[in-house]
Amino acid sequence: MASSAQLTAVMSSWMYLWFPDMYLHSLMTDSADTRSPCVLLSERQHVLQLTDTARTAGVQPGMSLASALLLCPELVIHTLDSTYHQQLLTQRALWACRYSAQVYPDSPQGLWLEIGSMLKLFGGLRNYWRQIEQECLRQHWPVQIATATTPLAARWLALSDTGRPTLQAKELRPLIDALKLEDLQLPHNQLLNLQRLGICTLAELRRLPLAETGRRISPDLMHQMQQLDGLRQYPMTPFQPPLTFSDSALFSHDVEHRNGLFFPLSRLLNSLSGFLHHHQLSVRWIDLSIQHRDQPQTHWQIHFARPEYRYNELIQLCRYQLERQQLPAPATALNLNVERFCPRASEQAELDNSEAGHQKQSINLLNRLYSRLTERQINNLQTTGDPRPEYAWNIATPTKHHTDSAPTRKGQWPLWLLATPVAIPEPDLSPQTVVHGPVRIDSGWWEHVQIRRDYYQLFQHQQLLWVFRDDQGCWFLHGYFS
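Definitions and limits used
- Residues numbered from 1 in each chain as written.
- Predicted model: local features only at pLDDT ≥ 70, side-chain atom pairs only at ≥ 80, totals over all residues.
- Heavy atoms only, no water.
- 1 Å grid on protein atoms, 1.4 Å probe; cavity = no way out; pocket = protein on both sides within 12 Å on 5 of 7 lines; lining within 4 Å.
- Points joined across faces, edges and corners; volume = space filled by probe spheres on them.
- Pairing = 2+ DSSP bridges.
- Helix = DSSP H or I, 4+ residues; strand = E, 2+ residues; numbered from the N terminus.
- Axes fitted to C-alpha atoms, helices over the stretch in contact; angles between N-to-C directions.
- Expected span 1.5 Å × (residues − 1).
- Buried < 20%, exposed > 50% of the residue type's maximum accessible area, 1.4 Å probe, protein only.
- Arc of directions from axis to C-beta.
- Contact = heavy atoms within 4.5 Å.

As for empty space enclosed by the protein
Summed over the entire model, instances satisfying the criterion amount to two cavities of 30 Å³ or more. Size it by volume and the largest cavity reaches roughly 70 Å³. If you trace the largest cavity, you find it lined by Ser-26, Met-28, Tyr-84, Leu-88, Gln-91, Arg-92, Trp-141, Ala-249, Phe-263, Pro-264, Arg-267 and Leu-268.

Next comes the structure, spelled out in structure tokens:
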């Protein structure tokens, strides 16, 4: 019998995501693909997955290739690549890292998410469920979702597609009891023994004593019933994200135009965003490798002016830059690789808390301009440590990462600063004209251009001016306020 500590560890809050026909759906690049009769074959040339069009033609899972072609001669055939299949599950697990700190893959096409520690962050179970469901819909990932207090209960509810956004025992128990055993992917010999006993639902199986279940049917099934109720730990392996990112997408047919790359690229960027979220990193360089049937690979490198990690911005910036590219030949696959990363902490340290929102908008604008234009067409103003107005700014390219902190200044400086101060007659320094000042700037002693000035803000002729008086008592106009 499990101890109370073990029972607490087992009885938690779990969500299970089941991606039916995950491999076949990953090959679909547009709506035309989903309308084609396609099948995925096992190594023994039997149908594993199929589209609705092929199912309408009479093709069924487990059917031989010869029988399937007899029913549907125009069938599009794909053969299972187990390495790519595992890569797809890793892709889903990276994406799920944005929604849970604990992700457990369930090969070949399922995921467990520990959700008890995440519900408050997402505003409750229903909002959590809705966000995941909408994101899967946006990525065109068919998914069956279920929640429960044990991993096995969540898995069985998802497999039968009867899950509901609830963790209440009184609501979960009727859903679990109503499960049909044929929907739970039990081993064939277990299912056959149960059918011989006339047991078709989980409620009927529960009426048997556990010892009798182990003796008459299978010890493994007895253990599963204990795992279902949280009396035994269900075996799961936590997901360990890799330290570098590499992912790929295969196409069901040759892609002849760059627009056909956007949909599979969006899926890869979604996984990349989950990877960056888990490791608290950002990227400035993305390498795309495009495979062709009869030509060498095409390599495109995408640069950003500033580090980025958010999916919506990544897909938008990549879209801008891909619009400037042309495919030299039809593409058969797309690979995305990232080996250089930027730590998120240093990026956030540069932001002043009072202007964080404005700074983020500036970074977004700079990235989008850089994606549409060239580096030579964009200049970026940056502050220096020099307190003299003439030397307080310099111009740099947007890709140059500026780390110097802005100097401490006295008073307010105008946005429009004249390149050379202009001599003016001595102004009338009445209380009606002097808005602010004087502010003394005495600096440049380390060079031969030392200045000693008293700056004023004057309001004259419906304009706010920035003027100063030097040591000789001469007045100069140096800038305009907006």
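With respect to the sheet that holds strand 18 (residues 463-469)
Read across the sheet, five strands follow the order 15-19-18-17-16 without closing on themselves; strand pairing throughout is antiparallel. In this open sheet, the two edge strands, each paired with only one partner strand, are strand 15 (416-424) and strand 16 (434-443). Across the sheet, the mean angle separating the axes of adjacent strands is 25 degrees when strand polarity is ignored.

Focus: helix 8 (residues 125-138)
Taking 1.5 Å of rise per residue, the 14 residues of helix 8 would be expected to cover 20 Å, and the 20 Å separating its terminal C-alpha atoms lies within 8% of that figure. Along helix 8, the positions that sit buried rather than exposed are Leu-125, Tyr-128, Trp-129, Ile-132, Glu-135 and Cys-136. Buried residues of helix 8, seen end-on, are gathered within an arc of 135 degrees and therefore sit on one face of the element. Pointing more than 90 degrees away from the buried face of helix 8 are the exposed residues Arg-126 and Leu-137. In the stretch just after helix 8, His-140 is the one whose phi turns positive, near 60 degrees.

Topic: helix 10 (residues 169-177)
For the α-helix, the turn length of 3.6 residues means that residues three or four positions removed from each other point alike. Those residues of helix 10 that fall on the buried side of the exposure criterion are Leu-172, Ile-176 and Asp-177. Taken around the axis of helix 10, the buried residues stretch over an arc of 125 degrees, which confines them to a single face. Each element contacted by the buried residues of helix 10 is listed here: strand 7 (144-148), helix 9 (151-159), helix 12 (202-206) and helix 14 (219-228).

A short note on the side chain of Gln-109
Structurally, the position occupied by Gln-109 is in the loop between strand 5 (103-106) and strand 6 (110-114). Exposure remark for Gln-109: the relative accessible area of 8% places this residue in the buried category.

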